[in-house]
Amino acid sequence: VTPSSTTTTLSASSANANQAQAITYTAAVTGVNPTGTVTFKSGTTTLGTGTVTNGTATLSASFATAGSYSVTASYSGDSNNQPSTSSVQSITVVAPDYTLTANPAAATVKAGQSATFTINMTSVGGYSGTVKLSCGSLPAEATCTFSPATLTGSGTSANSTLTITTTAPTAMVERPGSSSSR
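Residues numbered from 1 in each chain as written. Predicted model: local features only at pLDDT ≥ 70, side-chain atom pairs only at ≥ 80, totals over all residues. Heavy atoms only, no water.

### Regarding the overall build of the chain
Here comes step 1: Scanning the chain from N- to C-terminus turns up zero helices and 15 strands.
Here comes step 2: In terms of overall size, the chain is more extended than a compact globule, its C-alpha atoms giving a radius of gyration of 31 Å where 182 residues would be expected to give roughly 16 Å.
Here comes step 3: By principal-axis analysis of the C-alpha atoms, the chain measures approximately 120 × 25 × 20 Å.
Here comes step 4: Counting across all 182 residues of the chain, residues that qualify as buried make up 29%.
Here comes step 5: Nonlocal contacts in the chain, meaning residues at least 24 apart in sequence, comprise 57% of its contacts between residues at least 6 apart.
Here comes step 6: Carbon together with sulfur atoms contributes 50% to the accessible area of the chain, which is approximately 10,900 Å² in total.
Here comes step 7: The average position of the 5 basic charges and that of the 4 acidic charges among the side chains of the chain differ by 17 Å. (Helix = DSSP H or I, 4+ residues; strand = E, 2+ residues; numbered from the N terminus. Rg over C-alpha atoms; globule rule 2.2 N^0.38 Å. Buried < 20%, exposed > 50% of the residue type's maximum accessible area, 1.4 Å probe, protein only. Contact = heavy atoms within 4.5 Å. Areas by Shrake-Rupley, 256 points an atom, 1.4 Å probe, with all protein chains shown as cover. Lys, Arg positive; Asp, Glu negative; His and termini not counted. Charge placed at Lys NZ, Arg CZ, Asp CG, Glu CD.)

### Re the environment of Pro 148
Here comes step 1: Inspection of the secondary structure puts Pro 148 in the loop between β13 (142–147) and β14 (150–152).
Here comes step 2: Setting aside residues no more than four positions away along its own chain, Pro 148 makes contact with Leu 133, Asn 159 and Ser 160.

### Observations concerning the side chain of Thr 72
Here comes step 1: Mapped onto the fold, Thr 72 is located in strand β7 (residues 67–75).
Here comes step 2: Relative accessible area serves as the criterion here: at 17%, Thr 72 is assigned to the buried category.
Here comes step 3: Apart from the residues within four sequence positions on either side, Thr 72 is in contact with Leu 10, Thr 39, Phe 40, Lys 41, Thr 85, Ser 86, Ser 87 and Val 88.

### As for the side chain of Asp 78
Here comes step 1: Residue placement: Asp 78 occurs in the loop between β7 and β8 (84–85).
Here comes step 2: A distance of 2.7 Å separates a polar atom in the side chain of Asp 78 from the backbone nitrogen of Thr 35.
Here comes step 3: Separated by 3.1 Å, the side chains of Asp 78 and Tyr 75 make a polar contact.
Here comes step 4: Ignoring sequence-local partners within four residues, the contact set of Asp 78 consists of Asn 33, Pro 34 and Thr 35. (Polar contact = N/O pair within 3.5 Å; in protein donor to acceptor, adjacent residues only side chain to side chain.)

### Details of the nonpolar core
One recurring pattern in soluble globular proteins: nonpolar side chains tend to sit buried together.
Here comes step 1: Tyr 25, Val 38, Phe 40, Phe 63 and Ile 91 are the most contacted members of the largest nonpolar core, which has 19 residues in total.
Here comes step 2: Counting residues in hydrophobic clusters, the runner-up holds 12 residues, among them Phe 117, Val 131, Leu 133 and Ala 158. (Core = buried A, V, L, I, M, F, W, Y, C linked by side-chain atoms within 4.5 Å.)

### Some points on the packing of aromatic side chains
Here comes step 1: For the coordinates displayed, the defined rule picks out three aromatic pairs.
Here comes step 2: Pairing Tyr 25 with Phe 40 gives two aromatic rings, centres 6.4 Å apart and planes at 35 degrees, and the pair type is tilted. With Tyr 25 in strand β3 (residues 23–30) and Phe 40 in strand β4 (residues 37–42), this residue pair connects regions lying 15 residues apart in the sequence. Each member of the pair, Tyr 25 as well as Phe 40, carries the same accessibility label: buried.
Here comes step 3: Pairing Phe 63 with Tyr 69 gives two aromatic rings, centres 3.8 Å apart and planes at 15 degrees, and the pair type is stacked. (Phe/Tyr/Trp six-rings, centres within 6.5 Å; stacked < 30°, edge-to-face > 60°.)

### Comments concerning the sheet that holds strand β10 (residues 97–103)
Here comes step 1: As summarised here, the arrangement of the four strands in space is β10-β11-β15-β13, forming an open sheet in which the pairing is antiparallel. On the outer flanks of this sheet lie β10 and β13, each paired with one strand and no other. Along the sheet, successive strands turn relative to each other by an average axial angle of 25 degrees, direction set aside.
Here comes step 2: One ladder, built from six bridges, connects β13 with strand β15 (residues 157–166); its direction is antiparallel. By the bridge assignment, Cys 144 is partnered in β15 with Ile 164. (Pairing = 2+ DSSP bridges. Axes fitted to C-alpha atoms, helices over the stretch in contact; angles between N-to-C directions.)

Have a look at this one:
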């Protein structure tokens, strides 16, 4: 008796993940009551194996480093079924990071006035570190404050209020006919 041909179809719980975030891979095997195992690989690296139960094998695995990965599932076959390999499932893993945005994005601050901005920090790739906010070089007539001055990534987003304040220029005015020297 010649074993039946099979088809293995691979799906992933997510095509995008953070470093060390588990992804569940599911291999569906068609054939004549397939049994045996499915080996899940990324390139030549074996991620693990799963036992075929009711035509399905699963594996939960993660990647330690950021990058793009090509995952396949290979069914080993059994006495009734031939081996088969799935097509590639592409997975993108991102490194922890954050982005900062300001609202409004820009403003003109006239002498003696102030402007307020909302600074939003969004965690990317599961970033959970601390970001200390400060202003770079400012003109002598300008100051800035952040409230709060430190944001902590929590996997989502956090906000701070930035206020830039300027002082009005001062001038010494003398009345005609008076002298400031004594």
